[in-house]
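Below, each chain spelled out in residue letters.
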Amino acid sequence: MKSEWVVHKFGGTSVANAERYRAAAEIVLASGERVAVIVSAMGGVTNELIRAVKLAARHDSSYLAKLADLKTRHLETVAEIELSAVQAGSLKEIITSDFNAIEEVLRGVWITKLPSERIIEFVSGHGELWSAQLLHAYLEARGHSSSWLDARDVLVVEPQSNTVVIDW
C-alpha cells in the first residue's frame, strides 16, 4: 500500500532567495515519497509585477527598470541555487524569454493605457511559474525525481461578470 500524500505550501518569504529554496527543498525531501508542493512567487514579486503593469498604463517608463530588477533577481537566484550548467542555462533561457514576452505585453499596455484584469493576471502569474521551476530544478540537481506542473494546463478559469467560472 502506498503512503498518503504529503502536501506543502511555501509562501513568498519561504522562497525569497536561493537559501530559502534550499531550505524548502530540505523540508520536501524529508517528507517521504508522495509529496506535492505548491509555491508562491518569490517574496514581493507578484506585487512588483502588478505595479509594473500599472506603471506602464500611466506612461511611467520606470516599469522597464522594475522588470529589469525582477529579471536580475531571478537570474541571480538561478546562479546561486547550485544547478547544473545545463539546468541553469535552460532556466535562464525560460526566464529571459518570459520577461521579453512580459515587456512586449506591457508595451501594449503603455500604448493603449489599458491594464485589463487579464493582462494583470497573465503578468503577475509568472512569479509562481518561475518559483515552481526553480524548486523543481533544484530538487533534480540534488538527484531527486521531480516534475513541475504548469497550473494553466489543468485549471481554466473564465471571467463571468462579477465572478469566475472554473472549467472542471
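Anyway, here's the lowdown on the structure attached to this text.

Conventions used here
- Residues numbered from 1 in each chain as written.
- Predicted model: local features only at pLDDT ≥ 70, side-chain atom pairs only at ≥ 80, totals over all residues.
- Heavy atoms only, no water.
- Helix = DSSP H or I, 4+ residues; strand = E, 2+ residues; numbered from the N terminus.
- Buried < 20%, exposed > 50% of the residue type's maximum accessible area, 1.4 Å probe, protein only.
- Contact = heavy atoms within 4.5 Å.
- Pairing = 2+ DSSP bridges.
- Right-handed = clockwise from strand over helix to strand, strands pointing away.
- Phe/Tyr/Trp six-rings, centres within 6.5 Å; stacked < 30°, edge-to-face > 60°.

## What to know about the side chain of Asp98
Line of reasoning, step 1. For Asp98, the location among the structural elements is in helix H4 (residues 85–112).
Line of reasoning, step 2. Residue Asp98 is classed as buried on the basis of its relative accessible area, which comes to 18%.
Line of reasoning, step 3. Once residues within four sequence positions are removed from consideration, Asp98 is found in contact with His126 and Trp130.

## Side note on the pairing of strand S2 (residues 35–39)
Within a regular strand, the side chains alternate between the two sheet faces.
Line of reasoning, step 1. Inspection of the sheet shows strand S1 (residues 6–10) paired to S2 by five bridges, in the parallel sense. Paired with Val7 across the two strands is Ala36, which belongs to S2.
Line of reasoning, step 2. Remark: the S1/helix H1 (residues 18–29)/S2 crossover connection has right-handed handedness.

## Some words on the packing of aromatic side chains
Line of reasoning, step 1. In this structure the tally under the stated criterion is two aromatic pairs.
Line of reasoning, step 2. Taken together, a centroid distance of 6.0 Å and an interplanar angle of 40° make the contact between Tyr63 and Trp110 tilted. On the criterion of sequence distance, the pair formed by Tyr63 in helix H3 (residues 62–80) and Trp110 in helix H4 is long-range, its members being 47 residues apart. Neither Tyr63 nor Trp110 differs from the other in exposure class; each is buried.
Line of reasoning, step 3. The interplanar angle of 20° and the centroid separation of 4.5 Å between the aromatic rings of Phe99 and Trp130 together place this pair among those described as stacked. Of this pair, Phe99 sits in helix H4 while Trp130 sits in helix H6 (residues 126–141); the two residues are 31 residues apart in sequence, bridging distant segments of the chain. By the burial criterion, Phe99 is buried, and Trp130 matches it.

## Points about the environment of Gln87
Line of reasoning, step 1. Relative to the helices and strands, Gln87 resides in helix H4.
Line of reasoning, step 2. With relative accessibility at 19%, the residue Gln87 sits in the buried group.
Line of reasoning, step 3. Considered as a pair, Gln87 and Ala25 are 62 residues apart in the sequence and their alpha carbons are 16 Å apart.
Line of reasoning, step 4. Residue contacts for Gln87: discarding those within four places in its chain leaves Ala137, Glu140 and Ala141.

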